[in-house]
Amino acid sequence: MWAESHLREVTSMQQREPTERPPGPRGLPWLGKALSYARDPVAFAGSMINGHKPIGHIRSCGWSFYFLSTPDAVEEGFIGKARKSIKAPFLRGIDEVLGAGLLVAEGDAWRKQRKLVQHAFMPEQVLSWLPVMSRRCDVVLEGWDVTAPIAIDQAMMSLTLDIMSHSILGADLRLAHGSIKDAVDEIAKFFEFVVTPHGFLLRKFPTPARSRFLRSARVLDELIYRLIEASLTAAEPQPSLLTRLAHAWRDADGDFERKLLRDDLLTIFLAGHETTALTLTYALNLLAQHPEIQVRAAAETAGVDVVDYALFSDAAKLPLVRAIIRETLRLYPPAWIFAREITGDDTLLGYSLPKGSVIVTSPWWIHRQQEVFPEPDSFKPDRWSGGLVERLSPGTYLPFGIGPRRCVGQLFAEAELVVALVGLLKRFGFQKTTDALPRLQPAITIRPRHPVLLRVVRNDGLNRI
Ligand code: HEM
């Protein structure tokens with residue numbers, strides 16, 4: 001069925017003159033569908049993706065958006081056009097805090113940074129952080145007070161903040177957690193506004209939110225610069241990513257700019273801490289809704305030592321824990337939408353694609369395609385047994401993105417998620433406090449709008465989920 005519709009898609013592409021626009025709604029003059037997007041971004045993306053396959057078009061606030069909705073279309077857009085596209089204009093709006101860091105850099109500057117950062121995230125380097133990840137998990141989780149329900153989203157932010165501080169920055173920042181968390185929250189709130197088409201146009205206005213954002217960026221700035229200097233001058237620096245990157249920059253470029261190292265570290269810190277915290281939050285919430293799966297997962301973790309490198313080289317180990325992570329990232333991909341701007345006139349799937357057009361896709365909706373994932377809205381980790389992940393093409397399952405700009409921290413994230421989930425399930429059982437699913441706030445990432453409260457019980461050898 002899928003092959004048939006693909007054949008129809010290709011045939012109709014070949015018959016079309018590359019001058020037409022793909023189908024799509026029109027909306028209001030100039031604004032297009034900006035108001036529908038602002039009201040409910042996820043539903044709007046869903047209407048574009050599910051309503052116009054393989055490609056839908058909308059003009060809004062001066063931009064032409066092309067929504068890509070089948071795996072082939074996504075691969076053609078994000079891999080095929082990778083050399084002819086740059087990050088979307090709205091994401092570029094966050095360069096005020098990320099500077100020229102990896103997430104927003106382009107061209108040769110991006111290639112140089114990507115090579116250095118990718119090297120620092122090689123598998124053996126990531127494995128060398130397992131002991132520190134595991135130790136930090138022990139310290140943080142041992143301190144939990146479980147006498148009342150826990151806001152699991154905030155608890156996961158603290159956990160990943162702690163793990164990232166030690167492994168990425170090589171520092172114990174527990175005393176500064178409060179101010180870092182406030183700064184990250186303010187920055188995230190401002191990004192929520194900036195990444196919409198209308199917000200992007202208004203981002204330089206001197207609003208109170210903008211002043212709070214700039215103040216928060218300064219807090220993180222001071223911290224990172226202090227840590228960079230400490231790492232470069234220490235006789236025995238911590239074996240952190242910061243140290244590795246600082247030395248790699250110095251070797252590659254004797255008089256490297258501190259500012260660029262700061263930009264990359266802050267990018268990695270911000271890109272890595274919230275995404276992993278959200279994945280853990282959604283995973284625990286799903287497990288609390290599905291106690292039978294939680295009991296099986298807890299049994300799988302009993303007696304497991306996460307500082308066992310074989311866990312990560314042997315895909316047969318911890319199959320259910322891995323499947324839970326994959327299924328969570330399928331249903332709740334934290335980076336739920338991403339986009340590129342096309343840098344020269346082109347064509348895509350037989351349609352014209354003028355310079356400045358923005359191609360968009362949404363893993364949230366791509367991951368809910370019935371043909372690939374039967375019962376797409378159900379949490380079914382067992383669907384991942386039998387080698388499903390190897391059979392999927394890059395445009396079918398893309399929680400870590402697609403093409404040359406895909407997530408550089410994927411291995412780190414996967415290791416951290418396994419270590420944390422094993423640590424959590426070994427110690428605790430998680431029970432829901434409500435049947436309602438969390439209401440979500442989509443921006444660059446999709447986060448819960450309100451605290452996700454779970455009752456937490458200590459495992460005492462018996463499973464008390
Ligand atoms: C579950 C966790 C994570 C998810 C779902 C995730 C997802 C993504 C996605 C979808 C992109 C590509 C965005 C685009 O194409 O526009 C990306 C890029 C990136 N991610 Fe992650 N990420 C995760 C964790 C991490 C971690 C732990 C780090 C670092 C420690 C990290 C660092 C980055 C960086 C630096 C980029 C930019 C890469 C480039 O443009 O070359 N991410 N991530």
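Residues numbered from 1 in each chain as written. Predicted model: local features only at pLDDT ≥ 70, side-chain atom pairs only at ≥ 80, totals over all residues.

A.B. asks: What should I look at first to understand the site of the ligand in this one?
C.D. replies: Near the ligand there are 24 residues, and of these Gly272, Thr275, Gly401, Cys407 and Gly409 occur at the shortest range. Broken down by secondary-structure element, the contributors of at least two residues to the shell around the ligand are α15 (258-289) and α21 (410-427). The biggest single contributor to the shell around the ligand is α15, with 7 residues. For the shell around the ligand, the per-class residue count stands at 14 nonpolar, 7 polar and 3 charged. (Near = placed C-beta within 6 Å. Helix = DSSP H or I, 4+ residues; strand = E, 2+ residues; numbered from the N terminus. Nonpolar A, V, L, I, M, F, W, Y, C, P; charged D, E, K, R; others polar.)

A.B. asks: Help me understand the packing of helix α11 (residues 177-194) against helix α13 (residues 208-233), please; the structure alone is not making it clear to me.
C.D. replies: Axis angle and axis distance: for two packed helices, these are the angle between their axes and the distance between the axes, and together they describe the pair. Close contact between α11 and α13 brings their axes to 8 Å; oriented N to C, the two are set at 135°. Regarding the angle of α11 to α13, the classification is oblique. As α11 packs across α13, the resulting crossing turns out to be left-handed. In this structure, α11 uses Ser179, Ala183, Glu186, Ile187, Lys189, Phe190 and Phe193 to contact α13, whose residues at the interface are Ala209, Arg210, Arg212, Phe213, Ser216, Ala217, Val219 and Leu220. Its residues assigned to classes, the contact of α11 with α13 comprises 9 nonpolar, 2 polar and 4 charged. (Axes fitted to C-alpha atoms, helices over the stretch in contact; angles between N-to-C directions. Parallel < 35°, antiparallel > 145°, perpendicular 65-115°, else oblique. Left-handed = near helix turned anticlockwise from the far one by under 90°. Contact = placed C-beta atoms within 7 Å.)

A.B. asks: Which parts of the structure should I look at to understand the pairing of strand β5 (residues 338-342)?
C.D. replies: Moving residue by residue along a regular strand, the side chains alternate between the two faces of the sheet. Within β5, 4 of the 5 residues are buried, which leaves it mostly tucked inside the rest of the structure. Pairing between strand β3 (residues 85-87) and β5: 3 bridges, direction antiparallel. Note that in β5 the partner of isoleucine 86 across the bridge is glutamate 341. Strand direction decides the pairing type here: β5 and strand β8 (residues 358-361), joined by 4 bridges, are antiparallel. Looking at β8, one finds that glutamate 341 is bridged to valine 358. (Buried ≥ 20, exposed ≤ 12 C-beta atoms within 10 Å, placed from the backbone. Pairing = 2+ DSSP bridges.)

A.B. asks: I tried to follow the sheet that holds strand β4 (residues 150-151) on my own but got confused; where do I start?
C.D. replies: Across the sheet, 3 strands lie side by side as β4-β12-β9; this open sheet has antiparallel pairing. Because the sheet does not close on itself, it has two edges, and the strands there are β4 and β9 (428-432). Where β9 meets strand β12 (residues 453-458), 5 bridges bridge the pair, whose relative direction is antiparallel. When the bridges of β12 are listed, phenylalanine 428 appears paired with arginine 458. In this fold α15 packs onto β9 and β12, with an angle of close to 75° to the strand it touches most, β9.

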